[in-house]
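Per-entry structural report
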Amino acid sequence: MITNLSILGSTGSIGTQALDVAEKLGIRVSALTANKNVDLIEQQVRKFKPSLVVMHDENSAKELKLRLRDMDITVDYGMDGLCNAASIGEADMVLNALVGMVGLIPTLTAARAKKDIALANKETLVAGGELVTRTASENNIKILPVDSEHSAIFQCLEGCPEKKALKKLILTASGGPFFGKTYEELRDVTPAQALKHPNWSMGQKITIDSATMMNKGLEIIEARWLFDTPVEKIDVVVHRESIIHSMIEYMDNSVIAQLGLPDMRIPIQYALTYPQRFESPVKELDLTEICNLTFYKPDEKTFKCMHACKEAIKKGGLAPASANGANEVANLLYREGKISFHDIGELVQKAVEIADDSPINLVEDVLIADKKAREFVYSNIN
């Protein structure tokens, strides 16, 4: 088990739960980062006493520095600050719980600093998977999944004796708040309706991604890189109860699943303690209380984002970065009431169709593709 942790994105859902896990396991926290939530990160700093705290927003960093003037702590800001937190010498591991493309460069920085990475930032592998996995391999570091689905696959694969025995990966999806709705029924749904997830408590961006099933599309791309598995061997099944977190199928058609209550502290803890297991603060699963587990095929015609992501990873190169960039902007515009729910899928799909499939050589390639996709969305809204 690690003894020292740096958390990027400590005020979000994953970050706050990671701090809960670290406290219970006695893991020291050496660095914390946030965007603008000065009130919460001040509380965290005073409780966990890290050496470094970083705000992505410069004005928020100035305010935090004033508040912490009674403490001996370094306050930094911006991307340089995030990279300093990702490479801080005393940390054994970096947990990347940032949301969006902002997480890519800190992930690469952590890998080059030879830090193992607990990864909750989907966009890192979606946009720059080829570059990130290559950098991790060159620096001999582990990327341990924090997403419940990828953690489940990772745990199931622990019992897989050889790669050729694996037939496919099966990611489960909750289906979000609009499961079973037709395309027409979703024409006028509001952001407030989309933000009512049935099982998980997440940030707004990720919750909307779940409603559009973009979240599952991103996870397909992420799984391709995490587990070196072609998209043709990655399936999705809608499982409304969120008890089975994902499965693997062997060549003899036997299926291994990982089950647990929908609580992110289980995958977070396993990433921090791997390969050991410890007692968890999560309630024990009682299947007699659950009674029923249901499964359905995903509706890719109604929820176009997932299909667009599949097409992006098949196209390869910079196409996944374009899909991700387009979605980040479309997701935000929808939350701001500037586009419709259906517009998100349409814009992501179109961005993939025109995306560059050139291979990724440098991080700048990814950033340029991301920028072009964002500009495409802004130029194609009414």
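Residues numbered from 1 in each chain as written. Predicted model: local features only at pLDDT ≥ 70, side-chain atom pairs only at ≥ 80, totals over all residues. Heavy atoms only, no water.

1. Focus: the overall build of the chain
Of the regular secondary structure elements, the chain holds 16 helices and 11 strands. Expected size for 382 residues packed as a compact globule is a radius of gyration near 21 Å; at 20 Å, the chain falls within 12% of this value. A principal-axis box enclosing the C-alpha atoms of the chain has dimensions of 55 × 50 × 40 Å. Considering the chain as a whole, with its 382 residues, one finds that 55% of them fall into the buried category. With the model as given, the accessible surface of the chain reaches about 16500 Å², and the carbon-plus-sulfur share is 49%. For the chain, the distance from the average position of its 43 positive side-chain charges to the average position of its 52 negative side-chain charges is 1 Å. (Helix = DSSP H or I, 4+ residues; strand = E, 2+ residues; numbered from the N terminus. Rg over C-alpha atoms; globule rule 2.2 N^0.38 Å. Buried < 20%, exposed > 50% of the residue type's maximum accessible area, 1.4 Å probe, protein only. Areas by Shrake-Rupley, 256 points an atom, 1.4 Å probe, with all protein chains shown as cover. Lys, Arg positive; Asp, Glu negative; His and termini not counted. Charge placed at Lys NZ, Arg CZ, Asp CG, Glu CD.)

2. Examining the pairing of strand β8 (residues 166-173)
The element β8 is extensively covered by neighbouring structure, given that 6 of its 8 residues are classed as buried. Relative to strand β10 (residues 244-250), β8 runs antiparallel, the two sharing 5 bridges. Paired with isoleucine 170 across the two strands is methionine 247, which belongs to β10. Pairing geometry for β8 and strand β9 (residues 234-238), over 5 bridges, is parallel. By the bridge assignment, isoleucine 170 is partnered in β9 with aspartate 235. (Pairing = 2+ DSSP bridges.)

3. Quick look at the side chain of asparagine 324
Mapping asparagine 324 onto the fold places it in helix α14 (residues 319-335). Non-local contacts of asparagine 324, meaning those with residues more than four positions away in its chain, are made with Met101, Glu123, Val126, Leu218 and Asp370. (Contact = heavy atoms within 4.5 Å.)

4. Considering the sheet that holds β10
On the basis of which strands lie adjacent, the open sheet formed by 4 strands has the order β9-β8-β10-β11 and mixed pairing. In the strand order of this sheet, the two ends are held by β9 and β11 (255-259), each with one partner. Sheet twist, expressed as the average angle between the axes of neighbouring strands with direction ignored, equals 20 degrees. Strands β8, β10 and β11 of the sheet are contacted by helix α7 (residues 148-157), whose axis makes an angle of about 40 degrees with β10. (Axes fitted to C-alpha atoms, helices over the stretch in contact; angles between N-to-C directions.)

5. Describing the sheet that holds strand β3 (residues 52-55)
Strand pairing in a sheet relies on backbone hydrogen bonds. The paired strands run either parallel or antiparallel. The strand order across the open sheet built from 7 strands is β4-β3-β2-β1-β5-β6-β7, with neighbouring strands paired in parallel fashion. Strands with a single pairing partner mark the edges of an open sheet, and in this sheet they are β4 (74-77) and β7 (143-145). Neighbouring strand axes in the sheet, compared pairwise and without regard to direction, differ in orientation by 20 degrees on average. The sheet contacts of helix α4 (residues 78-86) involve β1 (4-8), β2 (28-34), β3, β4 and β5 (93-96), and relative to β3 the element is tilted by about 145 degrees. Helix-sheet contacts for helix α11 (residues 265-273) involve β1, β5, β6 (116-119) and β7, and the interaxial angle to β5 is about 155 degrees.

6. Focus on α14
A rise of 1.5 Å per residue sets the reference length of α14, with its 17 residues, at 24 Å; its end C-alpha atoms lie 24 Å apart and thus fit the reference within 8%. After α14 finishes, the residue glycine 337 shows a positive phi value of roughly 80 degrees. (Expected span 1.5 Å × (residues − 1).)

7. Observations concerning unusual backbone geometry
The omega angle of the peptide bond from tyrosine 274 to proline 275 is 5 degrees, so this bond is cis rather than trans. Here proline 275 is to be found in the loop between α11 and α12 (287-290). The phi dihedral of lysine 114 falls on the positive side, at around 65 degrees, and the residue is not glycine. The topology assignment puts lysine 114 in the loop between α5 (104-112) and β6.

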